[in-house]
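Each chain is listed here by its residues.
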Amino acid sequence: MRTQVGIIGAGPAGLLLSRLLALQGIDSVVLENRSREYVEARVRAGILEQNTVDVLTEAGMGDRLHREGLEHRGIHLQYPGVRHQLDFPALCGRRVWVYGQTEVVKDLVAAQLAGGPPLLFDVSDVAVEDVDTDSPRIRFTDADGVARVLECDVVAGTDGFHGPSRAVVAEGGSGQQLWERTYPYAWLGILADAPPATDELIYAWHPDGFALYSMRSPSVSRLYLQVDPSERIEDWSDDRIWEGLATRFALDGWELSTGRITEKSILPMRSFVSAPMRRGRLFLAGDAAHIVPPTGAKGLNLAVADVVLLSRALVRLLQDKETDLADAYSDTALRRVWRATHFSWWMTSMLHTSGDAFDAQLQLSQLRRVCSSEAAARELAENYTGLPY
Ligand code: FAS
Ligand code: PHB
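Keep in mind that what you see is a predicted model, and the values were worked out from it rather than measured. (Residues numbered from 1 in each chain as written. Chains lettered and ligands numbered in written order. Predicted model: local features only at pLDDT ≥ 70, side-chain atom pairs only at ≥ 80, totals over all residues. Heavy atoms only, no water.)

A look at the overall build of the protein chain
In step 1: Helices and strands together make up the secondary structure of the protein chain, namely 12 helices and 20 strands.
In step 2: By the compact-globule yardstick of 21 Å for 389 residues, the protein chain fits well, its C-alpha radius of gyration being 21 Å.
In step 3: Dimensions of the protein chain, computed from the C-alpha atoms along their principal axes, are close to 65 × 40 × 40 Å.
In step 4: Residues counted as buried form 57% of the 389 residues belonging to the protein chain.
In step 5: Looking at the protein chain as shown, the accessible area adds up to about 16000 Å², and 49% of this sits on carbon and sulfur atoms.
In step 6: Computing the positive centroid from 39 side-chain charges and the negative centroid from 52, the protein chain places the two 2 Å apart. (Helix = DSSP H or I, 4+ residues; strand = E, 2+ residues; numbered from the N terminus. Rg over C-alpha atoms; globule rule 2.2 N^0.38 Å. Buried < 20%, exposed > 50% of the residue type's maximum accessible area, 1.4 Å probe, protein only. Areas by Shrake-Rupley, 256 points an atom, 1.4 Å probe, with all protein chains shown as cover. Lys, Arg positive; Asp, Glu negative; His and termini not counted. Charge placed at Lys NZ, Arg CZ, Asp CG, Glu CD.)

Quick look at the site of ligand 2
In step 1: For ligand 2, the set of nearby residues contains 14 residues, the closest of which are Tyr203, Ser214, Arg216, Tyr224 and Pro294.
In step 2: Here Tyr203 contributes a side-chain N or O atom positioned 2.7 Å from an oxygen atom of ligand 2.
In step 3: Between an oxygen atom of ligand 2 and a main-chain N or O atom of Pro294, the distance comes to 2.7 Å.
In step 4: Relative to its unbound accessible area of 280 Å², ligand 2 is 97% covered by the protein chains. (Near = heavy atom within 4 Å. Polar contact = N/O pair within 3.5 Å; in protein donor to acceptor, adjacent residues only side chain to side chain.)

Let's talk about the layout of surface pockets
In step 1: In this structure, the second largest pocket occupies an estimated 270 Å³ of space.
In step 2: If you trace the second largest pocket, you find 13 residues lining it, with Leu20, Val55, Glu58, Val308 and Arg312 closest to the centre.
In step 3: Elements supplying a minimum of two residues to the lining of the second largest pocket: helix 1 (12-23), helix 3 (50-58) and helix 9 (299-319).
In step 4: Looking at the lining of the second largest pocket residue by residue, the class counts come to seven nonpolar, three polar and three charged. (1 Å grid on protein atoms, 1.4 Å probe; cavity = no way out; pocket = protein on both sides within 12 Å on 5 of 7 lines; lining within 4 Å. Points joined across faces, edges and corners; volume = space filled by probe spheres on them. Nonpolar A, V, L, I, M, F, W, Y, C, P; charged D, E, K, R; others polar.)

Points about empty space enclosed by the protein
In step 1: For the coordinates displayed, the defined rule picks out two cavities of 30 Å³ or more.
In step 2: Considered as a void within the structure, the largest cavity measures approximately 40 Å³ in volume.
In step 3: Lining of the largest cavity is provided by Leu56, Met61, Leu65, Tyr99, Val104, Asp107 and Leu108.
In step 4: The element that contributes the greatest number of residues to the lining of the largest cavity is helix 6 (residues 101-113), accounting for three residues.
In step 5: Across the lining of the largest cavity, the residue classes break down as six nonpolar, no polar and one charged.
In step 6: By volume, the second largest cavity is sized at about 30 Å³.
In step 7: Forming the walls of the second largest cavity are Pro12, Val39, Glu40, Arg42, Gln101, Thr102 and Val105.
In step 8: No other element matches helix 6, which puts three residues into the lining of the second largest cavity.

Section: the side chain of Ser165
In step 1: When you line up the elements, Ser165 lands in helix 7 (residues 165-170).
In step 2: Here the side chain of Ser165 touches Asp159 through a polar contact of 2.7 Å, side chain to side chain.
In step 3: If sequence neighbours within four positions are ignored, Ser165 has contacts with Ile8, Gly157, Asp159, Leu282 and Leu284. (Contact = heavy atoms within 4.5 Å.)

Things to note about the site of ligand 1
In step 1: Taken together, 29 residues are adjacent to ligand 1, and Glu32, Arg42, Arg44, Gln101 and Asp287 come closest.
In step 2: Between ligand 1 and Gly299, the relevant distance is 3.2 Å, taken from an oxygen atom to a main-chain nitrogen or oxygen of the residue.
In step 3: In isolation ligand 1 has 990 Å² of accessible area, and contact with the protein removes 85% of it.
In step 4: Those elements that provide at least two residues to the shell around ligand 1 are helix 1 and helix 9.
In step 5: For the shell around ligand 1, the per-class residue count stands at 13 nonpolar, nine polar and seven charged.

Next comes the structure, spelled out in structure tokens:
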């Protein structure tokens with residue numbers, strides 16, 4: 001098999017990269033080691049930045065997003081007795097959309113399978129070779145158990161945190177730098193058949209711990225509460241979850257709406273950055289190179305930003321035979337990665353309780369500042385809605 005760009009991983013990064021390249025006449029093959037059902041069912045991100053919506057729309061992937069997505073003008077910040085709305089368009093002229101990552105992936109998979117570049121599910125034994133040459137290759141076993149070799153001009157490692165690509169970069173002579181922070185808390189997340197009791201997301205600080213009120217549609221709520229990383233999901237009955245959420249969102253004259261919980265899981269929280277995001281003809285994008293805590297709603301959006309940058313670099317490399325954008329890719333991408341990493345750390349540090357009384361006063365002071373200062377609110381709004389590419 002031969003293609004111009006071999007793409008490992010059919011998450012949002014790999015699928016969008018393949019789409020953007022195809023629109024520019026560059027062919028690719030996407031290799032995914034899970035099934036279509038598994039990839040489309042993974043419950044993950046929910047918020048799309050203005051940039052992400054614009055990119056998906058321009059790539060012809062915006063129809064269902066604009067039909068079914070929920071356009072939000074802002075978020076609410078809450079601490080005991082106060083729920084304050086940040087008006088993003090007034091603060092920075094941008095807004096965000098609620099449209100689950102599952103829906104983005106379903107749209108991209110459907111487009112890919114309807115005449116797009118080859119997308120192979122259920123592959124195994126993926127191995128990347130000769131990335132320091134102009135003819136790298138990917139060895140793999142296809143879904144029928146047949147050993148294959150995909151000859152490429154470029155390999156894109158969009159295989160997420162647990163994929164093989166980052167290790168290939170590390171084995172290269174350019175060396176690898178890793179930065180990691182594991183946070184002392186996790187998120188217990190639920191999906192519930194319950195109409196959201198709020199028009200926009202609520203980020204709530206409470207002495208018992210952080211809570212986030214999000215949603216997927218007018219009839220499906222997505223909620224999270226801060227728990228200790230050692231907590232086990234089987235120790236959290238539905239009643240215990242709803243009680244914890246009701247306590248943390250409590251506000252006079254307002255009531256949480258409950259319903260059947262259809263999914264629950266505990267998500268660890270970490271920041272992780274790996275540099276460089278390239279070795280020869282292998283380029284990393286998305287979670288393969290970086291992880292952010294979900295508090296800033298950056299993970300999916302950062303993957304999209306990487307892929308927009310990478311697609312431009314690969315078009316220039318493969319069509320114009322110019323290496324300038326490819327040579328600049330890693331440094332350019334990492335500047336945005338660190339901006340998103342800082343913002344995600346800042347939101348996480350402001351909102352998650354540690355049990356330390358001094359920390360609590362610092363957090364409440366920060367929250368009062370953001371809720372009372374237009375300048376402080378604008379800084380949050382600009383980062384949350386996505387800085388211009
Ligand atoms: P992905 O991990 O989505 O995709 C990588 C793909 O590569 C996967 O399909 C995987 O199966 C495949 N792969 C791996 N190894 C392979 C191999 N050897 N061969 C072939 N394929 C291989 N972000 C937010 O903004 N908000 C959230 O609330 C949020 N919640 C999250 C919850 C969880 C449990 C997780 C894990 C992440 C969450 N994220 C959230 C972050 C998430 O949305 C990521 O940022 C996003 O999926 C990144 O997309 P990709 O880089 O494409 O990586
Ligand atoms: C979600 O809806 O899953 C979501 C929204 C905002 C976040 C994190 C997760 O910051």
